[in-house]
Structures are given as C-alpha cells and as structure tokens.
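# Observations on the three-dimensional arrangement
Listed below, chain by chain, are the residues.
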Amino acid sequence: MTDPTPHLIRTSRDGDVLILTIDNPPVNAFSPGVPEGLKAGLDAAATDDTVKAVVIIGGGRTFIAGADIRTFNLPREQAPDLRGTIAKLDAFPKPTVAALHGTALGGGFELALGCTYRVATPGAKVGLPEVKLGLLPGAGGTQRLPRVVGVKKALDLILSGTPVGAAPARDLGLIDEIVEGDLLTGAVAFARRVADVRPLPRISERPAQPDPEAIEAARQSIRKTHRGQLSPQFIVDLVDLATRTPFNEGHAEEGVKFVQAKDSPQSRGMRHMFFAEREAAKIPGLDKTTPTTDIRRVGVIGAGTMGGGIAMNFLNAGIPVTIVETAQENLDRGLNTIRKTYEASAAKGRLKLEDVQKRLDLLTPTLSMNDLGDADLIIEAVFEDMAVKKDIFTRLDAVAKPGAILATNTSTLDVGEIAAVTSRPEQVIGLHFFSPANIMKLLEIVRADRTSDSVLATSLKLSRTIGKVGVVVGVCNGFVGNRMLYAYREQASKAVLEGATPQAVDAAMNALGLPMGPYAMSDMAGLDIGYMARRAAAERAGQPMPDDWVDRVVQLGRKGQKTGAGVYDYPDGSRTPVPSPAVDDLIQAYRAEKGVQPREATQDDLIARLTATLANEGARILEEGIALRASDIDTIYTYGYGFPAYRGGPMHYASEQGLTTVVQTLERHGLEVAPLLRRLAQEGKTFAQYDAERAKSQT
Ligand code: 3HC
C-alpha cells in the first residue's frame, strides 16, 4: 500500500496491523494536516482486506496533547476537523487501538476514547484539561467519559482538568492495558489479540447512568471554585445530558457549547495566559547555550515571614537551605513557623508526615553569615532599608564562594545600587517572591544593569525547579507588579474621595473576578505597610508625603486585620470585613476638607477606571523597557495579584475593551494617558499586536 497521508502522519505495517504515527512536534497537537492524514490512513485501511486492525501512536515525546490551541482563532472551515476524525474512528469497521505515552490530553485523549481500545505506558497521563482554557471537551469527552467512569468521576476529571496516571486510568476503565516494554510492540500485539472481536466495544454505544446528586453537588461546588466562569456550567449541563439523551444528540449539543465557550472572552483570556506564561520564559539573547549554574545549596538571610516562606520553596524541591538570623529568638520563631506550616499541610493530608521531617532535616539554622560559604545562591530577605541591605551585601561578598549568586528579595529598592557595593555586581540579581512565598506562583526576576546572562538564565531555570512562574523585569520603584499596584491604589483612593465607598470599590473588583478588592487586601496585608512604603519613598524623593485619606486611617492606629480595625472593622477577631462607621465619618470629613461634592460611581465605571489605570501604568512600564512584553505584565498580575486568568491579565483585558475606550476612560477621570497606549489606540491596535511586532523586530 502506498503512503496516502501527508507528512504529519507516518504510515507503516506490522503484518496485518496498520500503524499510524503522528509526527507533529513538540507535542503532536491536532494541527491542520493531522486530521487529513489520519482520515486518509483510515480510509485506506478500511478497504484493505489485509489490514485487520489499526494502531494510532504519537512520535517523539508524547501522544496528542490536545487540539492545536493556536488554531482556535481560525475560521471554522480552516480549523482541523477533530470531531470528524473521531466520528470516522467511532464508525470504523475494524478494531482501532490508541497507544498512549507522555500526555494524552484534551482532544488527544478524546481521540483515544473514540478508538475501540487504549493501551498505555506506565508513565503515561490522560486528562481533559480544557476547563483551564475556558473550554469544555469538545470532541466527545463530555459524552464518552461518563459512559465509562460514571457521572461523578467524569465531573471530577473534567472540572478539575487534572490528568491521571496510567494505573488509576486503567482502574477506571479508561485504559485497557498497561504496556511494560516497548509501547508499539505491545500495542501491535494487543491489536492482534483483539483483531477478531465483534461486535466492536464502542464507548458511544454504552449507556450513561444518571446521577442527579452528583450533578447538584457539582453545580454548587463550581459556584465557589469557578465563580463567574462559563465553561464549567456548560460541562455540568453536558455531562448531565449524556445520561438523558442518545450519544448523537448529546454530542451535537457539546459541539454547539464548545463553539460558544471557545468564542467567549473568557476562553480568549485563558488561552492568552497559556501562551503568555510560556513566552515569559523566553528572553532575547538567552538560549539553550547560555551557561547555567547548578543550585545545590541555598542560603536565606532572614527567618521572618518572607525568609521562612522562601526557604520552604527550596526545601520542598529537596534543596538544602541554611537560614541566618541575627538573634536566637528570631531564628527559633522562624523555624517554628516553618515546622507548623508543614504540620498543618500534613494535617490536611497535603503532605506525608515523614516528609515533614525530611524537609526540616534539609534546613540548617545559624546565627552566622560565615556559614554561607558553600551556598550556590544566597537570598537576602530582611526589611526594606537600603543601608541595611548594602551592609549585608558587603558582608556576603566577603563570605560567599566565587560564582555564588547573590539575590535580594527587595520589592522596591534599586538592585543595581545594592549590587554596586559588591566586587561581583554581575552575580547579583533580584528574586522578588510574593507573600505567602511558599504558595504564590509568581517570581519577579529583577535584572539589574550588570546582572550576567548566566545568572539570569540560572534564575529562570531555578524558578521552574521550585514550581514558580519566573518573569524577568527591570529596575524601577516597585518593579512591575507593585508599581502597578501603587497606581491602582492611588486611583481607588481618588474614587473614594470623589464619592465611592471603600466597599463599593472592593465589590467592583470582586465582580471583575479578583478575590479581594484593594481595601480588603490592604487590611489583610497590614495597612501600615503601604503607609510606611509611601513615607519612605517620599523621604527618598525629598518631598512631603502626598495627602491620602487611607493614611489618616493608619494614623488612627487602625492598621488592618492585625489590629482588629483598618479600612474595615473586624469585630471580635473576625477576618470578615465589616464597613466601619468611624472610617465613613473620616472619609466624609476628608471630602469636606477638600471641598469635594461626592458623586455616585457605578460598578462598571469603577471597574473601567481601575483596570484602565493598570493598563496605563503597564503601558509606561513597557515603554520604559521594565517589562519585555505586555503578556509578561499579564502573567505577573495574574499569578501575583489575583487578576482572574479568564480576563487574561490587565493588558489583555484592556485590549478586549478596546484601547480607545480605555483612553477615553482615563481622560474622563483626568488621568495622563501613557504615550504608548495613546499611539496603539490611535492605530487601532492591541497589546498583543504590539508584542508580536516587537518580537518580529527582535528576530
Ligand atoms: N496547542 C498548541 N501548542 C501547544 C499545545 C497545544 N495544545 N500544547 C503545548 N503547546 C506548545 C507550547 O505552547 C510550547 O510551545 P513553545 O515551545 O513555542 O513555547 C510547546 O508546545 C511545549 O509546551 P510546554 O512548554 O508546555 O511543554 P511541557 O513539556 O512543559 O508540557 C504539555 C507539555 C503538558 C502538553 C503542556 O504543553 C500542556 O498542558 N499543553 C496544553 C494541553 C491542553 O490544554 N490540551 C487541550 C487543548 S484544548 C482541546 O483539546 C479541545 C478539544 O476538546 C476539542
């Protein structure tokens, strides 16, 4: 038989078994050409009497990792026909065997479910992660999965999007056999064994048992876990439908809902974030040849909340840490907090009890910086004071071994100025963790003017080792995330001065999808922290501190949750914010003092104003080269500041609103528009187009 398939599918024979190998690196996504190749292979096999069965396998590192996400913006007629390919498999007159290795995800796993049988390597993983892209399994997944594993388990798998390993998948009936040796050999042997089985056991022909309790439980649960999101609701409806209608009807409805989800701004936002996160790891000038250092031992200076949290990241990754404090009492307190955090995780079943001790055994407490001589990386996490940091780095320079990376966790100070006190400024970098540092996924990697490429590449690699999303930024006050936060808070303050209540501002941000608005967040973090940062910044600039009603709240001794009162009241030690009559009076008096006549602000206007402010500051950050791309800013704000992924980050969200609208909002509120934002608006462009054009000009 001649090879009828295009280059993305390789056809070969092993006796009476036809093998179709998908060859579309890096992850064998279902791109244009794949369906054509598979269909042609199947058509040829259907009419060839010498073919008894077909094996479909992935070349390279994985089976199909899903539909090609990049094709979702194509017109429907140009999109690869995944559903049609699976329909052909489902109707195929001979046994088809999907041979799975790597990650069979989304449309890839759906294609496997459309085959008659599935075999897998022990390390293979299968899953339907579409919900993480604001989608639903759109190629039969919502209809076939409940027919195999039941409604409850199907909902667990599809709503979490978390893949399962080969062994649990076999126990669930999703995989027929685990192949211990060579996958292709095992798959062909399996195909030969089942070649004559008739009728063919098609999943689409099985019934799905109704489970109204599981459906109701899922509906309630997604209200909390996926607040405001569209696709989880579709998923529950469709899984329910699978139990009430014949396969073809449920399948048709799934197709309609998939298109609706795919074309929604929510999915566009989440798809943008998928690529943004991966793009952040690519730094012009760095590539695979850039040398990196192995980080085998880490030193952390400061065992406070931040230092302790930072240390835990490395302990969790099996990297030994030496932690330094100035007084035994502080060291003991820090160690105790780390131990308690691990014990709490173990109590919740998130960590094995024996792992608590294993991790603690990797931790060496000390009162002497001289013990840091063997560390490959030392991270300073003491309070924000330039003089203190300079003193520490001068001493570190004397004790650290040659080649060690010296990092500061500063969130505001000039990393270059800190580096300049050492004899090795090229080895100095900022590693800005976010609190709680053992949980938050974001790591701002602050490149100072003399930081070497190797130190930068090592830091990026390390961020992956410890499960963080590292984003490279330049030096400025607050770097990217906090600088935008300052602008956002200032604007929130003005909105309150002009007539909004703090709770209306917070409610607006909740409606946008942020877990907390600015005031609930400041109260939780400590209202005095922002106050002190603003005071220090004003002192540094030699200017008086700008007047702000929030600072007057702090001056009343209301420092947030920790003092039982901040912008909100927290009666009886509760953590639930309650509007405060005292703060209300303070705000009214402040407005009167400033001669401001309060005006009502609608929720939509508050959202527009605050998000426009973020995008405006983001545009300045881009123009100054502090961030490399708008999508990096989106990654920072989503992973570090709770901006919902389904809005795609503040820059993407601004583009979705239309940059002209954003400019108008800024002008309406008397804000100076960043020149880049104005230019893009005038040219009718988006921030994604700006990123694409810049990337092109750099290659
Ligand atoms: N479509 C297009 N490109 C994809 C892709 C996909 N489904 N999956 C991965 N890629 C690209 C990445 O963008 C990256 O490109 P780059 O090198 O240019 O940055 C490259 O493949 C490698 O990806 P990773 O860096 O993520 O590699 P890892 O080895 O860390 O992870 C993975 C591999 C687990 C497959 C991970 O990429 C992943 O989770 N991919 C997404 C899987 C997914 O969501 N599938 C469902 C798609 S939606 C669908 O199928 C709809 C259907 O129901 C109709």
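Residues numbered from 1 in each chain as written. Predicted model: local features only at pLDDT ≥ 70, side-chain atom pairs only at ≥ 80, totals over all residues.

## Observations concerning the site of the ligand
Note the following rule: We call a residue near a molecule or strand when the C-beta position, derived from backbone atoms, sits within 6 Å of it. Helix and strand assignments come from DSSP, with helices taken as H or I runs of at least 4 residues and strands as E runs of at least 2, each series counted from the N terminus. Three classes are used, and their members are as follows: Ala, Val, Leu, Ile, Met, Phe, Trp, Tyr, Cys and Pro are nonpolar, Asp, Glu, Lys and Arg are charged, and the others, Gly among them, are polar.
What surrounds the ligand is a group of 25 residues, the closest being Ala65, Gly66, Ala67, Gly106 and Gly107. Counting only elements with at least two residues in the shell around the ligand, the list comes to β5 (103–105), α3 (107–114) and α11 (265–279). Here the residues of the shell around the ligand sort into 14 nonpolar, 6 polar and 5 charged.

## Considerations on the UniProt feature "domain: 3-hydroxyacyl-CoA dehydrogenase C-terminal" (unreviewed entry) in the protein
Applied cut-off: UniProt positions are given in the numbering used here, feature names are shortened, and annotations may be inferred rather than shown by experiment.
The UniProt record marks residues 478–570 with the feature "domain: 3-hydroxyacyl-CoA dehydrogenase C-terminal" (unreviewed entry), using the residue numbering of this structure. Helix makes up 62% of residues 478–570 and strand 2%. Its end C-alpha atoms lie 29 Å apart.

## Examining the nonpolar core
Applicable threshold: For our purposes the nonpolar core covers buried Ala, Val, Leu, Ile, Met, Phe, Trp, Tyr and Cys residues that link as a set through C-beta atoms within 7 Å. With C-beta atoms placed from the backbone, a residue is labelled by how many other C-beta atoms lie within 10 Å of its own: buried for 20 or more, exposed for 12 or fewer, partly exposed between the two. In this description, any two residues whose backbone-derived C-beta atoms lie within 7 Å of each other are considered to be in contact.
Residues Val55, Val97, Ala187, Ile378, Ile429 and Leu677 are the most contacted members of the largest nonpolar core, which totals 206 residues. The greatest single-element share of this core, amounting to 9 residues, is contributed by helix α24 (residues 603–623). Residues in contact with Ile378, not counting those within four places in the same chain, are Gly299, Ile301, Leu372, Leu396, Ala400, Ala404, Leu406 and Ala407.

## Topic: the UniProt feature "domain: 3-hydroxyacyl-CoA dehydrogenase NAD binding" (unreviewed entry) in the protein
Look at the UniProt record and you will see "domain: 3-hydroxyacyl-CoA dehydrogenase NAD binding" (unreviewed entry) annotated at residues 298–474. Taken as a whole, residues 298–474 contains 41% helix and 20% strand, while its terminal C-alpha atoms sit 24 Å from one another.

## As for the packing of helix α18 (residues 481–497) against α24
Operational definition: Every axis in this analysis is a line fitted to C-alpha atoms, fitted for helices over the stretch in contact. Angles between the N-to-C directions lie between 0 and 180 degrees. Handedness of a crossing is defined here by the sense of rotation of the near helix relative to the far one, left-handed for an anticlockwise turn of less than a right angle and right-handed for a clockwise turn.
Where α18 meets α24, the axes come as close as 9 Å, and the angle between the chain directions of the two elements is 150°. Two packed elements cross with a definite hand, and for α18 against α24 that hand is right-handed. Residue-level inspection shows Arg483, Met484, Ala487, Tyr488, Gln491, Ala492 and Ala495 of α18 in contact with α24, the latter providing Leu606, Arg609, Leu610, Thr613, Leu614, Glu617, Gly618 and Ile621. Of the residues contributing to the contact of α18 with α24, the split by class is 9 nonpolar, 3 polar and 3 charged.

## As for unusual backbone geometry
Omega for the bond connecting Arg198 with Pro199 falls within 30 degrees of zero, at -5°, which places this linkage in the cis form. Position of Pro199 among the secondary structure elements: in the loop between α7 (183–194) and α8 (212–225). Although it is not a glycine, Phe479 adopts a positive phi angle of roughly 55°. Tracing the backbone through its elements, the reader meets Phe479 in the loop between β17 (469–473) and α18.

## A look at the sheet that holds strand β7 (residues 125–127)
For clarity, the threshold we go by: Being paired, for any two strands, means DSSP has found at least two bridges between them.
A sheet is described by the order of its strands in space; here 3 strands give the open sequence β5-β7-β8, paired in mixed fashion. Bordering the open sheet on either side are β5 and β8 (164–165), each of which pairs with just one other strand. In this structure, β7 lies alongside β8, joined through 2 bridges in antiparallel fashion. Considered in β8, the bridge of Val126 is made with Val164. α3 contacts β5 and β7 of the sheet and is inclined by roughly 85° relative to β5.

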